[in-house]
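Single-letter residue listing:
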Amino acid sequence: MLRAAAGVLRRARSCREVFAVQWCPAALPELSAEGFPGLRAISSRSQRGLQGKQGTEWEILAKQGYDVNPCHSKLHPAVTEAGIEPEEDEELPVQEAYTPESECFGCGPAALDGLKLRSFRVPGGLEATITLDKRYCAFPGIINGGIISAIFDCHGNWTAAIALMDRACLPKPPLTLTFEMLVTFQEPTPPDEPLIVRSQIVRIKEAGEIGSKATVQVDMSLYHNLGGHEKLVASCTGIFKKLGALRAL
């Protein structure tokens, strides 16, 4: 089973980067049979020398019944590499597409009193818009820094998970958790105003020694949308570590 997974991951290097970086190949053995049985077939075809053109992995998964692009994004590698057009015109945020039952405070669609961050694919990362209620203020007119950090925490983890999923040609993102995060607050963040959070993949570091995990470095920025003008209010650099085959709910 591990040999099969390794074969898949070697072939995953052929996947063109949807993000504007040179990704490092990493061994992800736990993404084999337990998570996605169809990966055995992909590995088998690889061993028979039937790799074919870029995008073949996505085509095989689609033929096996996997919904390879549940967010219906035209930036998904299933579209850009394999030419598999989205089934619907309306794009979904990655949170609703992959973990609709999540109750995470920051980004869970099912969290009744959560922030409900909705992140969409953009070239090189993800982007979300959000408006924060005044109940999250630490002082009048100033959103609590912990809330800003929670936004970066969720947005960064999703950026890392989507990057790992795309790079390995998998139908669902793996579980990632925050390893390190540095937030810089440039300006007070106001409540009841439109905000934009953007992320960019900096690099993916492959797993090294046995037992180590792949890590993803992500840069993020939070802007106050002033209508035609964006004011930077906070920035963040985070490192997010892959821990499991599937994202937890």
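Our structure's up above, just so we're on the same page.
Not measured: the values here are computed from a predicted model.

Caption draft 1: The environment of I84, seen in detail. As for its position among the elements, I84 is in the loop between α4 (77–80) and α5 (94–98). Classification of I84 as partly exposed rests on a relative accessible area of 25%. Along the chain, I84 and W58 lie 26 residues apart, while their C-alpha atoms are 8.3 Å from each other. Setting aside anything within four residues of it in sequence, one finds I84 in contact with W58, E59, A62, A78 and V79.

Caption draft 2: Main features of the sheet that holds strand β1 (residues 119–122). Read from one edge of the open sheet, 6 strands run β1-β2-β6-β7-β8-β5, paired in antiparallel fashion. At either margin of the open sheet sits one strand with a lone partner, and together these are β1 and β5 (175–185). Neighbouring strand axes in the sheet, compared pairwise and without regard to direction, differ in orientation by 25° on average. Bridge analysis of strand β2 (residues 125–131) against strand β6 (residues 194–205) gives 5 bridges, and the strand direction is antiparallel. What sits directly across from T129, in β6, is I196. Contacts from helix α6 (residues 145–168) reach β1, β2, β5, β6, β7 (215–225) and β8 (230–244) within the one sheet, and its direction differs from that of β5 by about 135°.

Caption draft 3: Broad picture of the nonpolar core. Y98, L117, L132, F152 and L222 are the most contacted members of the largest nonpolar core, which has 40 residues in total. Contributions of two or more residues to this core are made by α5, β2, α6, β6, β7 and β8. Setting aside residues no more than four positions away along its own chain, L222 makes contact with I148, F152, T189, L195, I196, V197, K231, L232, V233 and A234. Counting residues in each nonpolar core, the second largest holds 6 residues, with W58, A78, A82 and C169 among its members.

Caption draft 4: Highlighting the side chain of T159. Here T159 lies in helix α6. T159 sits in the buried class, given a relative accessible area of 1%. A polar contact is formed between the side chain of T159 and the side chain of S199, at a distance of 2.7 Å. Beyond its immediate stretch of four places on either side in the chain, T159 contacts G125, L126, S199, I201 and V218.

Cut-off values and rules
- Residues numbered from 1 in each chain as written.
- Predicted model: local features only at pLDDT ≥ 70, side-chain atom pairs only at ≥ 80, totals over all residues.
- Heavy atoms only, no water.
- Helix = DSSP H or I, 4+ residues; strand = E, 2+ residues; numbered from the N terminus.
- Buried < 20%, exposed > 50% of the residue type's maximum accessible area, 1.4 Å probe, protein only.
- Contact = heavy atoms within 4.5 Å.
- Pairing = 2+ DSSP bridges.
- Axes fitted to C-alpha atoms, helices over the stretch in contact; angles between N-to-C directions.
- Core = buried A, V, L, I, M, F, W, Y, C linked by side-chain atoms within 4.5 Å.
- Polar contact = N/O pair within 3.5 Å; in protein donor to acceptor, adjacent residues only side chain to side chain.

All quantities given are derived from atomic positions and should not be read as evidence of function.
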